[in-house]
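Summary of the model geometry
Read off the chains here:
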Amino acid sequence: MLAVKDLKVSFPGPQGPVNIVRRLSYQIPRGETLGIVGESGCGKTMTSLALLGLVAGGGKVEGTIDFGNRDLAKFDQRQWQTVRGREIAMIFQEPMTAMNPVMSVGRQIAEVLVKHEKIGKAAAHGRAIDLLAQVGIPSPARRAEDYPHQLSGGMRQRAMIAMALACRPKLLIADEPTTALDVTIQAQILDLMLTLQEDAQMSIQFISHNLAVVSEVAHAIMVMYAGKAVEYAPADELFDNPLHPYTQGLIQTLPDPDKRVERLYVIPGRVTTDIAAGCRFARRCPFADDVCRAVEPELLEVSPGHQVACHKVNP
Ligand SMILES: Nc1ncnc2c1ncn2[C@@H]1O[C@H](COP(=O)(O)OP(=O)(O)O)[C@@H](O)[C@H]1O
Ligand code: SF4
Ligand SMILES: [Mg+2]
């Protein structure tokens, strides 16, 4: 369905190009979810923007984005418009930025339908109400008349999902879609996404800084650090057999459901982008040695479907 190969995103900087996403390769089969996890600033959002042709500010996108037998990386803006919001849709943390504050929610969804599906206004309005019902919004006909600010955070997020689903996308990119919501609402939204995925056989690229959230929905997980994949495996395998020290650290930071943890373990240090050579994680890694600091490890397969970039795993 989606096959990304050697994706790079770079921006011009005073000392040459700054590489934000570095040679990322992954696939998402039809009807499956890939979770992409990593700390803030590691390039997750930039990866999503590249898939939508929305990298701005002079950013350069390289590599191939194979989607339905076309290479999206070669698309011009006119071609992007035929794909964006139609075959690939995106939802993110703050629905207010995706919505028009002075247009009712129902009308916004109806406009998407009129534009993409070439149906009449009355039919579109009916479909908009159906979609609001489908994402679990009570009294959808009445809610359709509401403006975005009149909805609660959770309802607004549901409305954004309804808008994203209006054109039945083959791929949904969800970038921290539940980060701003409280835990109960978050669980409801994740459940909703799983149900809708099953109904429509939609592929999902689910992005979060929170491994616990990703583990609720993902079939496979790619762990990113400083613009690169450091570990990529089926979700069960990643939890049963985490091999990269960064992944092990992320798993240690998860709350243990059997214990009431007062304070969570936190990986010391933070992501740095100013390192020119060696493993980008070396400054924070308890196992780092001179080889780690000199040579950047390659992402290599250690068992079928399980890839790791670490010298200690792949000596
Ligand atoms: N227009 C830009 N020019 C240069 N660097 C940028 C630009 N936009 C974002 N960045 C940098 O790209 C990095 C990755 O950002 P982002 O993809 O938003 O990370 P994430 O979503 O994982 O938090 C950050 O270090 C950010 O400072
Ligand atoms: S390559 Fe070295 S520094 Fe990097 S994660 Fe592995 S052990 Fe740590
Ligand atoms: Mg982000």
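On a predicted model such as this, the values are computed, not experimentally measured, just so you know. (Residues numbered from 1 in each chain as written. Chains lettered and ligands numbered in written order. Predicted model: local features only at pLDDT ≥ 70, side-chain atom pairs only at ≥ 80, totals over all residues. Heavy atoms only, no water.)

**Concerning the layout of surface pockets**
Empty space among the atoms becomes apparent when a probe as large as a water molecule is rolled across them. The cut-off we apply is this: Both cavities and pockets are sets of points on a 1 Å grid over the protein atoms alone; in a cavity a 1.4 Å probe fits but cannot get out, in a pocket the set is open with protein on both sides within 12 Å along at least five of seven lines, and lining residues sit with an atom within 4 Å of a point. Grid points are joined across faces, edges and corners, and a volume is the space filled by probe spheres set on the points. Secondary structure elements are defined from DSSP: runs of H or I of at least 4 residues count as helices, runs of E of at least 2 residues count as strands, and each element is numbered from the N terminus. Residue type decides the class: Asp, Glu, Lys and Arg count as charged, Ala, Val, Leu, Ile, Met, Phe, Trp, Tyr, Cys and Pro as nonpolar, and the leftover types, Gly among them, as polar. Throughout, the edges of the domains are those of an automatic or database domain assignment.
Computed from the structure, the largest pocket encloses a volume of approximately 600 Å³. What lines the largest pocket is a set of 21 residues, and nearest its centre among them are Arg84, Gly85, Val112, His116 and Met163. Looking at the lining of the largest pocket, the elements that each hand over two or more residues are strand S6 (88-92), helix H3 (105-117) and helix H6 (153-165). In the lining of the largest pocket, the residues fall into 13 nonpolar, five polar and three charged. Here the lining of the largest pocket spans two domains, since at least three of its residues come from each of domain 1 (2-87 + 169-308) and domain 2 (92-168).

**Some words on helix H7 (residues 183-200)**
For the record, the criterion: Take the residue count of a helix, subtract one, and multiply by 1.5 Å to get its expected span. Buried means the residue's accessible area, taken with a 1.4 Å probe over protein chains only, is under 20% of the maximum for its type, while exposed means over 50%, and partly exposed covers the values in between. This arc is taken over the directions from the axis of the helix to the C-beta atoms. The definition of a polar contact used here is a pair of N or O atoms within 3.5 Å, where within protein one atom must be able to donate a hydrogen and the other to accept one, and adjacent residues in sequence count solely through side-chain atom pairs.
Compared with the 26 Å implied by 1.5 Å per residue over 18 residues, the 26 Å span of H7 between its first and last C-alpha is a close match. Among the residues of H7, those classed as buried are Gln186, Ile189, Leu190, Leu192, Met193, Leu196 and Gln197. Buried residues in H7, looked at end-on, bunch into an arc of 160°, giving them a common side. In H7, those exposed residues whose orientation departs by more than 90 degrees from the buried face are Thr184, Asp191, Glu198 and Asp199. Residue Asp182 occupies the N-cap position of H7, its side-chain oxygen lying 3.1 Å from the main-chain nitrogen of Thr184. Phi for Gln201, located one or two positions after H7, is positive at around 50°.

**Comments concerning the packing of H6 against H7**
Operational definition: To define axes, lines are fitted to C-alpha atoms, for helices over the stretch in contact only, and angles between the resulting N-to-C directions are given on a 0 to 180 degree scale. Orientation is classified from the angle alone, with under 35 degrees giving roughly parallel, over 145 giving roughly antiparallel, 65 to 115 giving roughly perpendicular, and any other angle giving oblique. The hand of a helix crossing depends on one turn: near helix anticlockwise from the far one by less than a right angle means left-handed, and clockwise means right-handed. Working rule for contacts: check all heavy atoms of both residues, and any pair within 4.5 Å makes them a contact.
Two elements in contact, H6 and H7, have axes whose closest approach is 10 Å; the angle formed by their N-to-C orientations is 15°. Taken as axis vectors, H6 and H7 run roughly parallel relative to one another. Of the two elements, H6 crosses H7, and the hand of that crossing is right-handed. On the side of H6, the interface is formed by Gly154, Gln157, Arg158, Ile161 and Leu165, while H7 contributes Ile185, Gln188, Ile189, Leu192, Met193 and Leu196.

**What to know about the UniProt feature "domain: ABC transporter" (unreviewed entry) in the chain**
This is how it is decided: UniProt positions are given in the numbering used here, feature names are shortened, and annotations may be inferred rather than shown by experiment.
Mapped onto this structure's residue numbering, the UniProt feature "domain: ABC transporter" (unreviewed entry) falls at residues 2-251. End C-alpha atoms of residues 2-251 are separated by 28 Å, and the span's content is 39% helix alongside 26% strand.

**Some words on the site of ligand 1**
Applied cut-off: Any residue with at least one heavy atom within 4 Å of a molecule or strand is counted as near it. Areas reported here follow the Shrake-Rupley algorithm with a probe of radius 1.4 Å; residue values treat only the protein chains shown as occluding.
Taken together, Phe11, Ile20, Glu39, Ser40, Gly41, Cys42, Gly43, Lys44, Thr45 and Met46 make up all the residues around ligand 1. At 2.8 Å, a backbone N or O of Met46 approaches an oxygen atom of ligand 1. Look at ligand 1: alone it shows 570 Å² of surface, and the protein chains cover 59% of it. When residues in the shell around ligand 1 are grouped by element, the largest group, three residues, is from helix H1 (residues 44-51).

**Some points on the nonpolar core**
For clarity, the threshold we go by: Among buried residues, the Ala, Val, Leu, Ile, Met, Phe, Trp, Tyr and Cys ones that are joined through side-chain atoms within 4.5 Å form a nonpolar core.
Core analysis: the biggest nonpolar cluster contains 55 residues, and Ile109, Ile161, Met193, Phe206 and Ile221 have the highest contact counts within it. Examining the composition of this core, we find that seven residues originate from one element, H6, more than from any other. The two domains that each donate at least three residues to this core are domain 1 (2-87 + 169-308) and domain 2 (92-168). For Ile109, the residues in contact, after removing those within four places along its chain, are Ala128, Leu131, Leu132, Ala159, Ala162, Met163 and Ala166. By size, the runner-up hydrophobic cluster in this structure holds 32 residues, among which are Leu2, Leu34, Cys42 and Ala220.

**Some thoughts on the pattern of salt bridges**
Filter applied, for reference: Counted as salt bridges are all cases of a side-chain nitrogen of Lys or Arg within 4 Å of a carboxyl oxygen of Asp or Glu.
Considering all chains together, one arrives at 15 salt bridges under this definition. Arg23 is the salt-bridge partner of Asp6, the closest N and O atoms lying 3.4 Å from each other. Here Asp6 is found in strand S1 (residues 2-11), whereas its partner Arg23 is found in strand S2 (residues 18-28), with 17 residues between them in sequence. Judged by relative accessible area, which is 26%, Asp6 ranks as partly exposed. Arg23 gets classed as exposed once you look at its relative accessible area, which sits at 57%. Residues Glu117 and Arg168 are paired through a salt bridge, measuring 3.5 Å at the closest nitrogen-oxygen approach. Taken together, the positions of Glu117 in helix H3 and Arg168 in the loop between H6 and strand S7 (171-175) put the pair 51 residues apart, joining distant regions of the chain. Of the residues examined, Glu117 reaches a relative accessible area of 26% and is grouped as partly exposed. Judged by relative accessible area, Arg168 falls into the exposed class, the value being 57%.

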